[in-house]
Every structure is written in C-alpha cells, then in structure tokens.
Amino acid sequence: MSTIAVRGRGRFRKGAGLGLVAWLAGIVFFLPIAWMALTSFHSEQDAATNPPSFGAALTLDGYREFFGTGGGASPWPALINSTVASVTSTLLVLLLALPAAYALSIRPVRKWTDVLFFFLSTKMLPVVAGLLPIYLFAKNAGLLDNIWLLVVLYTSMNLPIAVWMMQSFLAEVPVAIIEAARVDGARLPTILARVVAPVALPGIAATSLICFIFSWNELLFARVLTGVVAETAPVFLTGFITSQGLFLAKVCAASLVVSLPVLAAGFAAQDKLVQGLSLGAVK
C-alpha cells in the first residue's frame, strides 16, 4: 500500500473522529433544551415526577398559563420592553462602535492598543459594584422604572466589547477601496455606510447578535431599576418562583418562549455569524 493511501486513510479517520466528537458535543448541548421543550408540554403533575415521565400526555396548559389565559399576568408588556431595550441599544451600539472601530483600525490613532485595552478594562468591573451609584442616580433623576434608562445602560455596557470586536473585523477591510472612494469625493459618513459597512457586514452581524443577546438576557439592572412599567422578560420569569413552589412546566414554557427571539435571531444570521466570527482567522 502506498504512503499516500495510508496518509489518506489516516486523515479520513481523524476527520471522522473529529466529526463524531462534534456531533456528541452538539447532542450534549442540545439535550437540556430538548428536555425543557418536552417538559413544557407536560402537566405540572407529570413534570414534577422523579424520574421524569417521558410517555406522559402532552398538553398546552403551561403555555396558556404563561400567556395569561388562566387569569395571570400577561407577558406581552415584558416581552415588548425587552424587545425595545435590546433592539434600540444594539442599534445605538452599532452607530457608535462603527466610527470608533474605523478610527482604531483603518485610520489608527497613536497608542491604539492602549485605547482598546481601556475599552476592554471597563468590562472587568463587576456589574454589582456600579449598581448602587446607578440606582441612586436613577432615583434622584426620576428614571426608575423607565425603559430608556435600560437602553442607555445596555448601550454603555455593550459598547466596549462591540468596539473591540469590530476593530478586528474592520482591520480586514482593504484600504484600497477606501482610498478609491476618497478619490471619488466620498466623505466619511458615505465611506462608512456604503463602503466599509457592506464589506464588514458579517462582522457587524456577529457583533449585533452578541450585543442583542447580552441585552436580552440582562437581569441584575432590570431587576433593581424596574418595577411594573419597564419590567423585562427575564424579570417577568423570576415571578414564577413563588412561596407556593416552583411550577416546572410553566417555567419551562415561559423559558422556551423567552428564548425564541434569541434563537430566531441566531438562526436568521447564522451564515453571517459564522463568517464574522471566523473573519481574520485565516490569512
């Protein structure tokens, strides 16, 4: 048998082994989601059995209770608040991060690495350390239970990581096309919108998705700074844990519904997300 054939078989076995490991890892990560989805279609009595009853009858009672058909609180205000806070803050982050990343990559300033480190160092502060000052400021300014306060907070929290990510993405944009646009008389806003943004679209999609996920899942500030009017979906979920106990089927149904926007956004942007996260990995 030739050496080339032996090497080919070895590479095939290695590739098959890596593929099997990837499938196993995917199944392991998917099992909790599948378990949660199955439990959400069980009654509370069947969901509380130990060991779980996989053959139990399926029902939509958990979803009916979550959407308030049984007389409970409606989740729609909380879902709308989460959508407004997440989408608006993500758009603001992109509008602010794109020019900053352009200045740090295509037109680098002096000591730009120090600037990036400063941006990233702001994420090293524990969130709870800034909770009391922000609460006192919001109380004195009359901004408690205001969704726009969360928009500002989420924008400031996600902006450093967005600038860090987009700097690496924009560094891959060919400088020649930017210089050609300048020769044609294009100004900076036009260059950012019509030249840089289309080329760096996969990186922008990856950044926006991560910022959206961070904003949608944030709980601490939303729990402390909101009440009834600006309550978000994660805060609404905590209301299912009461002194009467944990209603497992209802919590699973609520968790699945709240997770759907993030899953839908990830599925819609999956091709751009993969391109963006791998951008610059191979020269």
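Residues numbered from 1 in each chain as written. Predicted model: local features only at pLDDT ≥ 70, side-chain atom pairs only at ≥ 80, totals over all residues. Heavy atoms only, no water.

The name an unreviewed UniProt entry gives the chain is Carbohydrate ABC transporter permease, with Streptomyces fimbriatus as the organism. For the chain, the Subcellular location (unreviewed entry) comment in UniProt is given as "Cell membrane". Regarding the chain, the UniProt comment filed under Sequence similarities (unreviewed entry) reads as follows: "Belongs to the binding-protein-dependent transport system permease family." (UniProt positions renumbered as here; feature names shortened; annotations may be inferred.)

Participant: Looking at this structure, how should I read the overall build of the chain?
Facilitator: Across its full length, the chain holds 14 helices and two strands. Per-residue burial for the chain yields a buried fraction of 34% across its 283 residues. Counting only contacts in the chain whose residues sit at least 6 apart along the sequence, the fraction spanning at least 24 positions is 75%. (Helix = DSSP H or I, 4+ residues; strand = E, 2+ residues; numbered from the N terminus. Buried < 20%, exposed > 50% of the residue type's maximum accessible area, 1.4 Å probe, protein only. Contact = heavy atoms within 4.5 Å.)

Participant: Can you help me understand the side chain of serine 255 in this one?
Facilitator: For serine 255, the position within the fold is in helix H13 (residues 248-268). In contact with serine 255, other than residues within four places in its own chain, are Met36 and Leu237.

Participant: Just to check I follow, could you spell out the environment of leucine 94 for this structure?
Facilitator: Tracing the backbone shows leucine 94 in helix H4 (residues 76-105). Classification of leucine 94 by relative accessible area gives buried; the value is 18%. Spatially, the C-alpha atoms of leucine 94 and threonine 155 are 9.4 Å apart, while their sequence positions differ by 61 residues. In contact with leucine 94, other than residues within four places in its own chain, are Pro99, Met166, Ile204 and Ser208.

Participant: For this particular structure, what's the right way to read the UniProt feature "transmembrane region" (unreviewed entry) in the chain?
Facilitator: Here the UniProt-annotated "transmembrane region" (unreviewed entry) positions come out as residues 20-38, 84-104, 116-135, 147-170, 191-215, 221-240 and 247-269. Secondary structure within residues 84-104 divides into 100% helix and 0% strand; the distance between the first and last C-alpha atoms comes to 30 Å. Secondary structure content for residues 147-170 is 100% helix and 0% strand, while the C-alpha to C-alpha distance between its ends is 32 Å.

Participant: Explain the pattern of salt bridges here, please?
Facilitator: Should their charged atoms come close, side chains of opposite charge can pair. All chains considered together, the criterion is met by one salt bridge. Linking arginine 64 and aspartate 61 is a salt bridge whose minimum nitrogen-to-oxygen distance equals 2.9 Å. Remark: aspartate 61 and arginine 64 occur in helix H3 (residues 61-66); sequence separation between them is three residues, near one turn of the helix. You can call aspartate 61 partly exposed: its relative accessible area is 36%. (Salt bridge = Lys/Arg side-chain N within 4 Å of Asp/Glu carboxyl O.)

Participant: Please explain H13 as it appears in this structure.
Facilitator: Within an α-helix, residues lying three or four positions from one another point in the same direction, as the helix has 3.6 residues per turn. With 21 residues, H13 extends 30 Å between its outermost C-alpha atoms, agreeing within 8% with the 30 Å of an ideal straight helix rising 1.5 Å per residue. Along H13, the sharpest kink reaches roughly 35°, centred on leucine 260 and followed within four residues by the proline proline 261. Buried within H13 are the following residues: Ala249, Lys250, Val251, Cys252, Ala253, Ala254, Ser255, Leu256, Val257, Val258, Val262 and Gly266. (Expected span 1.5 Å × (residues − 1). Bend = angle between axes of the 7 residues up to and from the residue.)

Participant: Any chance you could explain the packing of H4 against helix H7 (residues 147-170) here in plain terms?
Facilitator: What describes two packed helices is the angle between their axes and the distance between those same axes. Look at H4 against H7: their axes get within 6 Å of each other, and the N-to-C directions meet at 35°. Considering the relative orientation of H4 and H7, their crossing is right-handed. (Axes fitted to C-alpha atoms, helices over the stretch in contact; angles between N-to-C directions. Left-handed = near helix turned anticlockwise from the far one by under 90°.)

Participant: Sorry if this is basic, but what is going on with a nonpolar patch on the surface here?
Facilitator: Among the surface-exposed residues, Leu20, Trp23, Leu24, Ile27 and Leu31 lie close enough to one another that they form a single nonpolar patch of about 570 Å² accessible area. You can see leucine 24 is positioned in helix H1 (residues 3-40). Since its relative accessible area comes to 48%, leucine 24 is described here as partly exposed. (Patch = residues over 30% accessible without salt bridge, like charges linked within 9 Å, V, L, I, M, F, W, Y side chains within 5 Å. Areas by Shrake-Rupley, 256 points an atom, 1.4 Å probe, with all protein chains shown as cover.)

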